[in-house]
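Here's the letter readout for the chains.
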Amino acid sequence: MNKSLLPRQFALDLSHTPKASLENYLPGKDLALISTLQGICKSWSYASKNLSTNPLNERWIYWWGPEGSGRTHLLEAMGNAAAAADLEHIPLRPLEPTAWVRLEEKMGSLVQSNLPSVITVDDVDCLDDRLVGSLFRVLNGIQASKAIHIFMAGKAAPANLKLREDLRTRLGWGLIFQTQLLADDEKIQALQQSVQDRGLVLSPDVLPWLLNRFYRDMPNLMALIDALDAYSLETKRAVTLPLVRELLQPK
């Protein structure tokens with residue numbers, strides 16, 4: 001969460017914020033993607049977890065869509081599902097180059113293992129030349145492996161990414177999905193679920209007001225729910241429209 005986007009500056013206690021999961025993701029038009037990911041997570045619950053016969057297109061998935069369409073949530077959800085299944089999970093992001101170095105150092109052992117491991121790569125479109133090269137080598141290793149899963153996300157379809165051609169081609173070797181922005185009624189439903197998960201009670205006019213007056217993308221709306229939750233605890237007041245207006249007032 002980018003706290004700089006919040007309207008007031010105060011400490012947020014986010015320890016109670018629910019972890020990203022497939023269960024707390026409102027699929028909207030993304031049902032095919034969610035169904036595929038659920039099937040993969042179910043396979044991780046097998047007692048042996050020996051998935052050496054997994055075809056590549058069930059271990060290699062790239063999804064793309066506009067900002068706010070749930071790309072990062074789904075990556076985090078798969079990482080959390082891997083941890084719950086006691087699988088090794090390696091998250092990769094453009095601004096964390098040391099994680100890429102550590103992964104390449106252990107790729108040999110991962111490739112040889114019959115036990116599943118999970119790699120997630122966020123913001124593929126933001127990788128610099130060095131990390132593009134690293135991802136290219138990682139994908140080659142995964143192609144030769146028996147059980148490594150990789151889930152990647154970016155803002156555009158592989159063919160439209162401003163990356164070198166051989167990497168764009170490899171991104172399309174597995175399954176490709178597009179994540180869709182939610183309609184307004186779906187956003188309210190997702191926000192209501194988030195509020196319910198937190199045990200937070202909002203007056204019925206709060207969510208429609210926020211959708212009309214505040215940011216319309218889900219990451220910022222969810223960040224505001226976090227802020228309202230913390231501000232309600234801080235002030236020991238219920239989350240009503242007057243409290244929301246107070247929170248949104250600039251200092």
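Look above for the structure.
Residues numbered from 1 in each chain as written. Predicted model: local features only at pLDDT ≥ 70, side-chain atom pairs only at ≥ 80, totals over all residues. Heavy atoms only, no water.

A word on the overall build of the chain
So, point 1. Helix and strand content of the chain: nine helices and five strands.
So, point 2. Element order for the chain, N to C, with α for helix and β for strand: α-β-α-β-α-β-α-β-α-β-α-α-α-α.
So, point 3. Looking at the 251 residues of the chain, the share that counts as buried comes to 48%.
So, point 4. Of the contacts formed within the chain by residues at least 6 apart in sequence, a portion of 78% connects residues at least 24 apart.
So, point 5. Total accessible area on the chain stands at roughly 12600 Å², and carbon and sulfur atoms take up 51% of it. (Helix = DSSP H or I, 4+ residues; strand = E, 2+ residues; numbered from the N terminus. Buried < 20%, exposed > 50% of the residue type's maximum accessible area, 1.4 Å probe, protein only. Contact = heavy atoms within 4.5 Å. Areas by Shrake-Rupley, 256 points an atom, 1.4 Å probe, with all protein chains shown as cover.)

Considerations on the packing of aromatic side chains
So, point 1. Counted according to the given criterion, the structure contains three aromatic pairs.
So, point 2. Three or more aromatic residues joined by ring pairs make a cluster, and in this case those are Trp 44, Trp 63 and Phe 151.
So, point 3. Note that Arg 164 overlies the ring of Phe 136, its terminal NZ or CZ placed 4.6 Å from the centroid. (Phe/Tyr/Trp six-rings, centres within 6.5 Å; stacked < 30°, edge-to-face > 60°. Lys NZ or Arg CZ within 6 Å of the ring centre and 35° of its normal.)

A few points about the sheet that holds strand S3 (residues 117–121)
So, point 1. Pairing within the open sheet is parallel, and its five strands lie in the order S2-S3-S4-S1-S5. Each of the sheet's edge strands pairs with one partner strand only, and the pair in question is strand S2 (88–92) and strand S5 (175–178). Ignoring which end each strand starts from, the neighbouring axes of this sheet average 15° apart.
So, point 2. Examined bridge by bridge, strand S1 (residues 60–64) and strand S4 (residues 148–154) share five bridges and lie parallel to one another. (Pairing = 2+ DSSP bridges. Axes fitted to C-alpha atoms, helices over the stretch in contact; angles between N-to-C directions.)

Digging into the side chain of Ser 145
So, point 1. Looking at where Ser 145 falls in the secondary structure, it is placed in the loop between helix H4 (129–144) and S4.
So, point 2. Residue Ser 145 is classed as buried on the basis of its relative accessible area of 7%.
So, point 3. In this view, Ser 145 contacts Arg 59 and Val 111; residues no more than four positions away in its chain are not counted.

Describing the pattern of salt bridges
So, point 1. Applying the stated criterion across every chain yields a total of eight salt bridges.
So, point 2. In this structure, the salt-bridge partner of Arg 71 is Asp 123, at a minimum N-O distance of 3.6 Å. On the criterion of sequence distance, the pair formed by Arg 71 in helix H2 (residues 71–84) and Asp 123 in the loop between S3 and H4 is long-range, its members being 52 residues apart.
So, point 3. According to the relative accessible area criterion, Arg 71 is buried, its value standing at 11%.
So, point 4. For Arg 137, the salt bridge is made with Glu 104, and the minimal N-O distance between the two is 2.8 Å. Of this pair, Arg 137 sits in helix H4 while Glu 104 sits in helix H3 (residues 97–112), and the two are 33 residues apart along the sequence. (Salt bridge = Lys/Arg side-chain N within 4 Å of Asp/Glu carboxyl O.)

Comments concerning the packing of H3 against H4
So, point 1. One can describe the packing of H3 onto H4 by two numbers: an axis separation of 10 Å at closest approach and a directional angle of 20°. Judged by the angle between their axes, H3 and H4 are roughly parallel. Along this stretch, H3 crosses H4, giving a crossing that reads as left-handed. Contacts between H3 and H4 involve Pro 97, Trp 100, Leu 103, Glu 104, Met 107 and Val 111 from the first element and Arg 130, Leu 131, Ser 134, Leu 135, Arg 137, Val 138, Gly 141, Ile 142 and Ala 144 from the second. (Parallel < 35°, antiparallel > 145°, perpendicular 65-115°, else oblique. Left-handed = near helix turned anticlockwise from the far one by under 90°.)

As for helix H6 (residues 184–198)
So, point 1. Given a rise of 1.5 Å per residue, 15 residues ought to cover 21 Å, and the 21 Å separating the end C-alpha atoms of H6 matches this to within 8%.
So, point 2. Within H6, burial applies to Glu 186, Lys 187, Ala 190, Leu 191, Ser 194, Val 195 and Arg 198.
So, point 3. A positive backbone phi angle near 70° is found at Gly 199, which sits one or two residues after H6. (Expected span 1.5 Å × (residues − 1).)

Structural notes on the nonpolar core
So, point 1. By size, the foremost hydrophobic cluster in this structure holds 28 residues, and its most contacted members are Ile 119, Val 124, Leu 135, Ile 150, Met 152 and Leu 171.
So, point 2. Contributions of two or more residues to this core are made by S1, S2, H3, S3, H4, S4 and helix H5 (165–171).
So, point 3. Leave out the neighbours within four places in its chain, and Leu 135 touches Trp 100, Val 121, Val 124, Leu 127, Ile 150, Met 152, Leu 167 and Leu 171.
So, point 4. Judged by nonpolar contacts, the second largest core, of 25 residues, contains Leu 207, Leu 210, Leu 224 and Tyr 231. (Core = buried A, V, L, I, M, F, W, Y, C linked by side-chain atoms within 4.5 Å.)

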